[in-house]
Amino acid sequence: MHTFSVSIQFIHTTIIAIWMGAAYSPYKIFVGLCIATGIGVIASAVNSYVQIIDAYSSYDGFFIGIYPHKNVFGRVIVLLSISLFLLGIKLKRPIVFVFFGSLVVLLYIPMSLSESATSLLMYFMVFLIPVIWVIANTKDSIRLIVVLGGMGAVLLALALFLVVDIDLVDKLLGKLGKDSTLTGRTFIWSIGWKMFEWKPILGVGFDAFWHAGIFDDARQIYLALGESINGFHNAFIEVLVSLGLVGEAAFVITLLAVLYRVSSWFFLSRSIEKIGRA
């Protein structure tokens, strides 16, 4: 019954998303997303001073704003950053783009306060948007030089790490406040993989593992981590456990299709409107 009810909710949300994509232009969606996430960030900043609700997590003390978890707050900042960059590109005014870009840089302050490592990595990846846009709108020869130069720089950096014998993974995780278990993620991933092996074809049911209240492994995770969590912090394992190989295949095919469409529109049309429709 739980799986059925949350599946209905998910289908309802999907239908709304499809309707919005058909009824509104990508520009209007970006504007709406920018306004909604911007209000959330501003409200979080105001709340940190007036303390209408707890602005910091009672569990780990990290800044969460008006949201229930630091990762949720971090994702809001990432979505706001993406919207600002894309709107700056769409409006085609250098001063507007610089202004929006400055706002994205300033968003690092609340992002760092949340100490959400996953969101922080996504935040830095957002800065690839203007880089990719510049590459896509330059001459083919210059674009090739930039791409090859970037690949060469990455290979050189990896070679240097190998030569000086630095554990790149541990160093990176240490900088992000993590350890080799990714603060317990590998533990819950191992349990997720065990559940997948038990029901590999269709899974245990959408959202059933965490909220149906019938799996001892879920209670084991709660007891081991000392906090309530609602996911594996890994979309691929989440789908494998919930929907099995059938769901995973649909998930991966959808991701690849979206990536192909966006990449095709981006490099062929160089239009934000068409990228959004893709």
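See above for the structure.
Below or above, wherever it landed, is the structure these notes cover. (Residues numbered from 1 in each chain as written. Predicted model: local features only at pLDDT ≥ 70, side-chain atom pairs only at ≥ 80, totals over all residues. Heavy atoms only, no water.)

**Focus: the overall build of the protein**
So, step 1. Assigned secondary structure in the protein consists of 14 helices and 0 strands.
So, step 2. The proportion of buried residues among the 278 residues of the protein is 32%.
So, step 3. Contacts in the protein between residues far apart in sequence, at least 24 positions, make up 57% of those at least 6 positions apart.
So, step 4. Element-wise, carbon and sulfur atoms account for 73% of the exposed surface of the protein, whose accessible area totals about 17,300 Å². (Helix = DSSP H or I, 4+ residues; strand = E, 2+ residues; numbered from the N terminus. Buried < 20%, exposed > 50% of the residue type's maximum accessible area, 1.4 Å probe, protein only. Contact = heavy atoms within 4.5 Å. Areas by Shrake-Rupley, 256 points an atom, 1.4 Å probe, with all protein chains shown as cover.)

**Things to note about the environment of Ile64**
So, step 1. For Ile64, the location among the structural elements is in the loop between helix 2 (26–50) and helix 3 (70–91).
So, step 2. With relative accessibility at 8%, the residue Ile64 sits in the buried group.
So, step 3. Through-space distance from the C-alpha of Ile64 to that of Glu115 is 9.5 Å; in sequence the pair is 51 residues apart.
So, step 4. Leave out the neighbours within four places in its chain, and Ile64 touches Asp54, Ala55, Tyr56, Ser57, His69, Lys70 and Phe73.

**Quick look at the packing of aromatic side chains**
So, step 1. Tallying each qualifying case throughout the model produces 12 aromatic pairs.
So, step 2. Look at Phe99 and Phe100: their rings are 5.9 Å apart centre to centre, the planes differ by 45°, and that puts the pair in the tilted class.
So, step 3. Since its relative accessible area comes to 49%, Phe99 is described here as partly exposed.
So, step 4. The class of Phe100 is buried, set by a relative accessible area of 16%.
So, step 5. Ring plane angle 65° and centroid distance 5.5 Å describe the contact between Phe236 and Phe251, whose orientation is recorded as edge-to-face. (Phe/Tyr/Trp six-rings, centres within 6.5 Å; stacked < 30°, edge-to-face > 60°.)

**Focus on the packing of helix 3 against helix 6 (residues 117–126)**
So, step 1. With their axes 9 Å apart at the nearest point, helix 3 and helix 6 run at an angle of 5° to one another. Taken as axis vectors, helix 3 and helix 6 run roughly parallel relative to one another. Contacts between helix 3 and helix 6 pair Asn71, Gly74, Arg75, Ile77, Val78, Ser81, Ile82 and Phe85 from the former with Ser119, Met122, Tyr123 and Val126 from the latter.
So, step 2. Classifying every residue of the contact of helix 3 with helix 6 by side-chain character gives 7 nonpolar, 4 polar and 1 charged. (Axes fitted to C-alpha atoms, helices over the stretch in contact; angles between N-to-C directions. Parallel < 35°, antiparallel > 145°, perpendicular 65-115°, else oblique. Nonpolar A, V, L, I, M, F, W, Y, C, P; charged D, E, K, R; others polar.)

**Here's the deal with the nonpolar core**
So, step 1. Membership of the largest hydrophobic core comes to 25 residues, with the highest contact counts inside it found for Ile77, Leu84, Leu107 and Tyr123.
So, step 2. Sorting elements by how many residues they give to this core places helix 3 first, with 10 residues.
So, step 3. When sequence neighbours within four positions are dropped, the list of residues in contact with Leu84 reads Cys34, Phe100, Leu103, Val104 and Leu107.
So, step 4. Judged by nonpolar contacts, the second largest core, of 13 residues, contains Trp210, Ala218, Ile221 and Phe232. (Core = buried A, V, L, I, M, F, W, Y, C linked by side-chain atoms within 4.5 Å.)

**Observations regarding a nonpolar patch on the surface**
So, step 1. Residues Ile42, Val46, Tyr49, Val50, Ile52, Ile53 and Ile66 make up a contiguous nonpolar surface patch of about 760 Å² in total accessible area.
So, step 2. Secondary-structure assignment places Ile52 in the loop between helix 2 and helix 3.
So, step 3. Judged by relative accessible area, Ile52 falls into the exposed class, the value being 71%. (Patch = residues over 30% accessible without salt bridge, like charges linked within 9 Å, V, L, I, M, F, W, Y side chains within 5 Å. Salt bridge = Lys/Arg side-chain N within 4 Å of Asp/Glu carboxyl O.)

**Some thoughts on the packing of helix 2 against helix 3**
So, step 1. Put simply, helix 2 and helix 3 touch, their axes get as near as 8 Å, and they point 135° apart. Taken together, helix 2 and helix 3 sit at an angle that is classed as oblique. Both helix 2 and helix 3 take part in a crossing whose hand is left-handed. For the pair helix 2 and helix 3, contact is made by Tyr27, Phe30, Val31, Leu33, Cys34, Thr37, Gly38, Val41 and Ser44 and by Phe73, Val76, Ile77, Leu79, Leu80, Ser83, Leu84, Leu86, Leu87, Lys90 and Leu91, respectively. (Left-handed = near helix turned anticlockwise from the far one by under 90°.)

**Comments concerning the side chain of Thr37**
So, step 1. Looking at the element boundaries, Thr37 is found in helix 2.
So, step 2. Of the polar contacts made by the side chain of Thr37, one reaches the backbone oxygen of Cys34; its length is 3.3 Å.
So, step 3. Excluding anything up to four places from it in sequence, Thr37 contacts Val76, Leu79 and Leu80. (Polar contact = N/O pair within 3.5 Å; in protein donor to acceptor, adjacent residues only side chain to side chain.)

**Comments concerning helix 6**
So, step 1. Here helix 6 has its buried residues at Ala117, Ser119, Leu120, Tyr123 and Val126. When helix 6 is viewed along its axis, its buried side chains cluster within an angular range of 170° and face the same direction. (Arc of directions from axis to C-beta.)

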